[in-house]
Amino acid sequence: MSGTLEQFLNDLSRGLDKTMVSVNKDLTIRNRIKRSWSMRQCARFLNVSIQYLTKFARENGDFPAGEYVGRERVFTLVDLMQIRALLAASAKRPYDYLAWRKPGETLPVISFASQKGGTAKSLTAAHFAQYLSLNYGMRVGVMDADPQSTITLYFVGGEGLPQLPTEDTATLVDFAGLYMSEDGSPYTEHDADTLDSFFLKTSWPGLRILPAHGETSEGELQITRLIRDNPPDKAFYRYLRDSVERWRDHHQPKTVPNELVSNGSVDTEKLNDALVETLDCLIIDYQPALTLFQLNNVVASTNLVIPQTMKGFDIATLSTFVTGLRGMINHILDHDRIEIGTGANMLLPTIVQRTNDQDLKQVANLLEHCPTEVLPVFYLRSDAIANASDVYQSVYEYEPDTRGKKKGIERFITNADAVNDAIVSRIWPGRERGYAESWINEFYEEDGEETA
């Protein structure tokens, strides 16, 4: 038995390090992303019929060959992006296949925030980022603001981050310029190209991440120091926002989706360059706390999504979070004519137990009293997600090895697609696929039948 807290922590840390290097995790990191998708699944991602895509494949010589698993032809994420480029080249509406930002369009910065842990915040943010890549071909930037690094684990193993980040890996604290500069300035104003270099490539084409590790917790310490130093030209809540705007202004979208094909073939070099020339949205995974560092994330955001579980204590915590954040924002607006969260903002119920009347009652009450603020689609509690989590994967990556697991994962994917579609409908009205509407119709119809 350990005699001191220090010894206990040292021994536990060593044990955790060994546990983290488990077969499942090591294998996932080395082979991410291993899975592929059928022609039918790709057609769904592309929002076209299987008949249309099959005919298009026959008529285009540069259509990816894919691989055959048994009699089924399957495609990788890289193949899917190439198919998107081919479809966009001949489409009347090329942005239907590559939903990239146009020059001058707003950069959505979407924070997933909650003061309470265990609300599926990181799961929601990670699945939303991957959904945008799979279904829209968007170039997504993920910023991990949580020292626990949960969302980083969803993407580690890619080209830019082959292993878990170390203390030398840049984090959001670096991006926001919170450390003292080499010339003695209390903060560092990185140029736009340096900021861009902090985003690391993942195995998802066009999806890049600014990872987190233990030192991300220094963000709050540095903000406290900067408030003490009180630089005259900088407000303590604007560090991240100013950095995002500096990066955004110098990394405007240039490439049009229908410019990626030449003589019937995808210009691979041009496509790869286009995938990193800019981002179509930023997603910030918030630390479960209401701190000044996290306030920087909110002030930098155009959209706020609050994932929240529905138990009584959880609603009380949510009320505290909302009241605290509202007080902070009001204080800022009293002194600074700044626009904050001008896009759609929403509360997302999570881990709702369908068999728990209290959970459903909480959702119903929220929808009754603040119907425009609460999403009518929500994450149901599911044991299936644990199977994917066991191997450090999302449900979009995970390939079940039994029929029972497959059915559970398919149900969760249907739920995830509906939630993500509902979020898309608020942030990019008109781009939704109808998954949310279908889920609502089915869920509330079944719920009504059970009640009857």
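What you see is a predicted model; the values in this text were computed from it and never measured.

What counts as what
- Residues numbered from 1 in each chain as written.
- Predicted model: local features only at pLDDT ≥ 70, side-chain atom pairs only at ≥ 80, totals over all residues.
- Heavy atoms only, no water.
- Pairing = 2+ DSSP bridges.
- Helix = DSSP H or I, 4+ residues; strand = E, 2+ residues; numbered from the N terminus.
- Salt bridge = Lys/Arg side-chain N within 4 Å of Asp/Glu carboxyl O.
- Buried < 20%, exposed > 50% of the residue type's maximum accessible area, 1.4 Å probe, protein only.
- Phe/Tyr/Trp six-rings, centres within 6.5 Å; stacked < 30°, edge-to-face > 60°.
- Lys NZ or Arg CZ within 6 Å of the ring centre and 35° of its normal.
- Contact = heavy atoms within 4.5 Å.
- 1 Å grid on protein atoms, 1.4 Å probe; cavity = no way out; pocket = protein on both sides within 12 Å on 5 of 7 lines; lining within 4 Å.
- Points joined across faces, edges and corners; volume = space filled by probe spheres on them.
- Nonpolar A, V, L, I, M, F, W, Y, C, P; charged D, E, K, R; others polar.

Chemist: Break down the sheet that holds strand β2 (residues 67-69) for me, citing the residues and quoting the values.
Modeler: Spatially, the three strands line up as an open sheet ordered β1-β3-β2, and their pairing is antiparallel. If you trace the sheet from one side to the other, it starts and ends with β1 (37-38) and β2, each paired once. Relative to strand β3 (residues 72-75), β2 is paired through three bridges, and the arrangement is antiparallel. Directly across from glutamate 67, in β3, lies its bridge partner valine 74.

Chemist: I'd like a description of the pattern of salt bridges, backed by residues and values.
Modeler: All told, the structure shown has 21 salt bridges when counted by the stated rule. The salt bridge involving arginine 44 is made with aspartate 417; its shortest N-O contact spans 2.8 Å. Taken as a pair, arginine 44 in helix α3 (residues 39-46) and aspartate 417 in helix α17 (residues 403-427) lie far apart in primary sequence, 373 residues in all. A residue is classified by how much of its surface remains accessible, and arginine 44, at 37% relative accessible area, is partly exposed. For aspartate 417, a relative accessible area of 3% puts it in the buried group. The salt bridge involving aspartate 285 is made with lysine 121; its shortest N-O contact spans 3.0 Å. Of this pair, aspartate 285 sits in strand β10 (residues 281-285) while lysine 121 sits in helix α6 (residues 121-136), placing them 164 residues apart in sequence. Side by side, aspartate 285 and lysine 121 carry an identical accessibility label, which is buried. A single salt-bridge network, built from bridges that share partners, covers Lys234, Arg238, Arg241, Asp242 and Glu245.

Chemist: Go over the pairing of strand β11 (residues 303-308), please, and point to the residues and values.
Modeler: For a regular strand, the rule is simple: side chains alternate between the two faces of the sheet. In terms of burial, β11 is a largely internal element, six of the six residues being buried. The side-chain alternation of β11 yields two buried faces, one formed by Asn303, Val305 and Pro307 and the other by Leu304, Ile306 and Gln308. Pairing analysis gives three bridges linking strand β4 (residues 109-112) to β11, with the strands arranged parallel. Bridging from a neighbouring strand, phenylalanine 112 pairs with valine 305 of β11. Where β11 and strand β12 (residues 346-349) come together, four bridges link them in parallel fashion. Paired with isoleucine 306 across the strands is leucine 347, a residue of β12.

Chemist: Which residues make up the packing of aromatic side chains, and what values do they have?
Modeler: Under the defined criterion, the tally for this structure stands at 16 aromatic pairs. Both rings, one in tyrosine 187 and one in tyrosine 239, keep their centres 5.5 Å apart while their planes meet at 75 degrees; by these two values the pair is edge-to-face. Residue tyrosine 187 is located in the loop between α8 (172-175) and α9 (192-197), and its partner tyrosine 239 is located in helix α11 (residues 239-250); the two are separated by 52 residues in the primary sequence. By relative accessible area, tyrosine 239 is classed as buried at 1%. Measuring from centroid to centroid gives 5.1 Å for phenylalanine 443 and tyrosine 444, while their planes differ by 85 degrees, and the two rings are edge-to-face. Classification of tyrosine 444 by relative accessible area gives partly exposed; the value is 33%. Here the aromatic cluster, defined as three or more aromatic residues joined through ring pairs, consists of Tyr52, Phe56, Phe63 and Phe75. Between arginine 139 and the ring centre of tryptophan 100, over which it is positioned, the NZ or CZ distance is 4.0 Å. It is arginine 433 that lies over the ring of tyrosine 136; its NZ or CZ is 4.6 Å from the centre.

Chemist: Summarise the side chain of threonine 302; cite the residues concerned and give the values.
Modeler: Within the fold, threonine 302 resides in the loop between α13 (292-300) and β11. Among residues more than four places away in sequence, those in contact with threonine 302 are Leu107, Pro108, Val109, Gly341, Thr342, Gly343, Ala344 and Asn345.

Chemist: Lay out the environment of proline 211 with the relevant residues and their values.
Modeler: Within the secondary structure, proline 211 sits in the loop between β7 (208-210) and α10 (218-229). Among the residues examined, proline 211 registers a relative accessible area of 0% and is labelled buried. For the pair proline 211 and glycine 15, spaced 196 residues apart in sequence, the C-alpha separation works out to 24 Å. Setting aside chain neighbours within four positions, we find proline 211 in contact with Asp144, Thr152, Leu161, Pro165, Thr169, Ala170, Thr171, Leu172, Phe198 and Leu200.

Chemist: Go over empty space enclosed by the protein, please, and point to the residues and values.
Modeler: Overall, the coordinates contain one cavity of 30 Å³ or more when judged by the stated rule. Each pocket or cavity is described by its volume, and for the largest cavity that value is around 40 Å³. Forming the boundary of the largest cavity are Leu77, Leu80, Met81, Arg84, Ser133, Leu134, Gly137 and Pro205. When residues of the lining of the largest cavity are traced back to their parent elements, those giving at least two are α5 (77-90) and α6. Of the residues belonging to the lining of the largest cavity, the class tally is five nonpolar, two polar and one charged.

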